[in-house]
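Structural characterization, general
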Amino acid sequence: MEPVFRSLEIAATLGVRATGTRITFRGLQNLPASGGAVVAINHTSYVDFLPAALAAKERRRRMRFMIKAEMDEVTVIHFLIKHTGTIPVDRSAGAGAYANAVAALRAGELVGVYPEATISRSFELKGFKTGAARMAIEADVPIVPLIVWGAQRIWTKDHPRSLGRKKIPVSVVLGTPIRPTGSVAELDARLRGSMSALLDEAQRGYPTPAGAYWVPRRLGGSAPTPEEATRLDEVELAERARKRAEREATRNNR
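First, a word on scope: everything that follows refers to the structure included in this document. Not measured: the values here are computed from a predicted model.

This next bit is on helix α2 (residues 49-58). Since one α-helical turn is 3.6 residues long, residues separated by three or four positions face the same way. Within α2, burial applies to Pro 51, Ala 52, Leu 54, Ala 55 and Ala 56. Taken from the residues just after α2, Arg 60 is the one with a positive phi, measuring 60°.

Another point: the pairing of strand β7 (residues 169-174). Burial runs high along β7: six of the six residues are buried. Two strands pair when backbone bridges link them, and strand β1 (residues 22-26) and β7 are joined in this way by five bridges, in the parallel orientation. Bridging from a neighbouring strand, Phe 25 pairs with Val 172 of β7. Pairing of strand β6 (residues 143-149) with β7, which is carried by four bridges, proceeds in the antiparallel orientation. In the sheet register, Leu 146 faces β7, and the bridge partner there is Leu 174.

Within this structure, the stated rule accounts for 18 salt bridges. Two residues, Lys 126 and Asp 233, come together in a salt bridge whose shortest N-O distance is 3.1 Å. You can see Lys 126 sitting in the loop between β5 (110-113) and α5 (131-139) and its partner Asp 233 sitting in helix α7 (residues 226-252), a full 107 residues away along the chain. We note that Lys 126, like Asp 233, is buried.

What follows covers the packing of aromatic side chains. In total, this model carries three aromatic pairs according to the counting rule given. The ring of Trp 155 is capped by Arg 161, whose NZ or CZ atom sits 4.9 Å from the centre of that ring. Its end group placed over the ring of Phe 128, Arg 192 keeps NZ or CZ at 4.9 Å from the ring centre.

On to the packing of α5 against helix α6 (residues 184-204). Following both chains from N to C, one finds α5 and α6 inclined at 115°, their axes separated by 9 Å at the closest point. Here α5 and α6 pass one another in a crossing that is right-handed. Residues Ala 132, Ala 133, Arg 134, Ala 136 and Ile 137 of α5 touch α6, and the partners they reach there are Val 184, Leu 187, Asp 188 and Leu 191. Looking at the contact of α5 with α6 residue by residue, the classes come out as seven nonpolar, no polar and two charged.

Unusually for a residue other than glycine, Arg 60 sits at a positive phi of about 60°. Take Arg 60: it is sitting in the loop between α2 and β3 (63-68). In this structure, Lys 167 is a non-glycine residue whose phi angle is positive, near 55°. Position of Lys 167 relative to the elements: it lies in the loop between β6 and β7. Classification of Lys 167 by relative accessible area gives partly exposed; the value is 46%.

Relative to the elements of secondary structure, Lys 157 occurs in the loop between β6 and β7. Given the relative accessible area of 10%, Lys 157 is considered buried. At a separation of 2.9 Å, a polar atom in the side chain of Lys 157 contacts the side chain of Glu 236. Excluding anything up to four places from it in sequence, Lys 157 contacts Tyr 46, Ile 119, Arg 121, Glu 236 and Arg 240.

The subject of this paragraph is a positive patch on the surface. Taken together, the side chains of Lys 243, Arg 244, Arg 247, Arg 251 and Arg 254 make up a positively charged region of the molecular surface. The residue Arg 251 is located in helix α7 in this model.

Time to look at the packing of helix α1 (residues 3-19) against α2. Geometrically, a packed helix pair is captured by the angle between its two axes and the distance between the axes. As a packed pair, α1 and α2 sit with axes 11 Å apart at the nearest point and diverge in direction by 115°. In terms of orientation, α1 and α2 fall into the roughly perpendicular class. For the pair α1 and α2, the crossing hand works out as left-handed. Facing Arg 6, Glu 9, Ala 12, Thr 13 and Val 16 of α1, the residues of α2 in contact are Leu 50, Leu 54 and Lys 57.

With that settled, consider the side chain of Ser 120. Within the fold, Ser 120 resides in the loop between β5 and α5. Within polar-contact distance, the side chain of Ser 120 engages the side chain of Ser 122 at 3.3 Å. A distance of 3.1 Å separates the side chain of Ser 120 from the backbone nitrogen of Phe 123, its partner in a polar contact. Aside from chain neighbours lying at most four places away, what touches Ser 120 is His 43, Thr 44 and Lys 126.

Here we come to the nonpolar core. In terms of nonpolar packing, the biggest core is built from 60 residues, with Val 38, Ile 41, Met 66, Met 135 and Leu 146 touching the most fellow members. Residue contacts for Met 135: discarding those within four places in its chain leaves Val 38, Met 66, Tyr 98, Ala 101, Val 102, Leu 105, Val 113 and Asp 140.

Cut-offs applied
Residues numbered from 1 in each chain as written. Predicted model: local features only at pLDDT ≥ 70, side-chain atom pairs only at ≥ 80, totals over all residues. Heavy atoms only, no water. Buried < 20%, exposed > 50% of the residue type's maximum accessible area, 1.4 Å probe, protein only. Helix = DSSP H or I, 4+ residues; strand = E, 2+ residues; numbered from the N terminus. Pairing = 2+ DSSP bridges. Salt bridge = Lys/Arg side-chain N within 4 Å of Asp/Glu carboxyl O. Phe/Tyr/Trp six-rings, centres within 6.5 Å; stacked < 30°, edge-to-face > 60°. Lys NZ or Arg CZ within 6 Å of the ring centre and 35° of its normal. Axes fitted to C-alpha atoms, helices over the stretch in contact; angles between N-to-C directions. Left-handed = near helix turned anticlockwise from the far one by under 90°. Contact = heavy atoms within 4.5 Å. Nonpolar A, V, L, I, M, F, W, Y, C, P; charged D, E, K, R; others polar. Polar contact = N/O pair within 3.5 Å; in protein donor to acceptor, adjacent residues only side chain to side chain. Patch = residues over 30% accessible without salt bridge, like charges linked within 9 Å, V, L, I, M, F, W, Y side chains within 5 Å. Areas by Shrake-Rupley, 256 points an atom, 1.4 Å probe, with all protein chains shown as cover. Lys, Arg positive; Asp, Glu negative; His and termini not counted. Charge placed at Lys NZ, Arg CZ, Asp CG, Glu CD. Parallel < 35°, antiparallel > 145°, perpendicular 65-115°, else oblique. Core = buried A, V, L, I, M, F, W, Y, C linked by side-chain atoms within 4.5 Å.

Here you go:
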């Protein structure tokens, strides 16, 4: 029954109703009704996991997400990880998480993966890591491409959260499952092609006001271009490294 997961599903549903968020789903039939599958999700927001999880709920399935291991240090998150089958990923040593994900897939679970690894500030697809393709091939399960669009208006990098009853529309579009054939590079390329087409589909069916921060530059918005976003990511990573070095120096000097 997984009572913690069920409680989260109820809380998520009530939260969506309370905020008036309007989630529309297209292509739900592409999510297998049973059996394992890698669900590859684009990453534009801190909350895009929620519409993706609700897509699985619509199919009477549950999705096990892979998340940053640092989140396991937060007491509440640690509890949720432990009781919901979430898979923590240590980016410096991800072999354990990878093996756990493959085992979950072979056991018939849906495993949610962000091929971009981090949030896209440009709201375009970033470069992909190959984990999704490698897991699908090793577990011999399909990859289901899934696009969430609109969640970046709720909470994303560099912008204030937009909580409360804002009635923000969110689109979730699922593509045809991709069989795990060919090399990792070939499968990854097919995945990216599918997700690019789905992203375009989601964007074309969504209002794009000129100059809006959450609209990609190529569509008339003021979001950073992919090149500008890359530079911002590099600055962020450098700042994190600096702070980490300072913390380590402080510990060593005690």
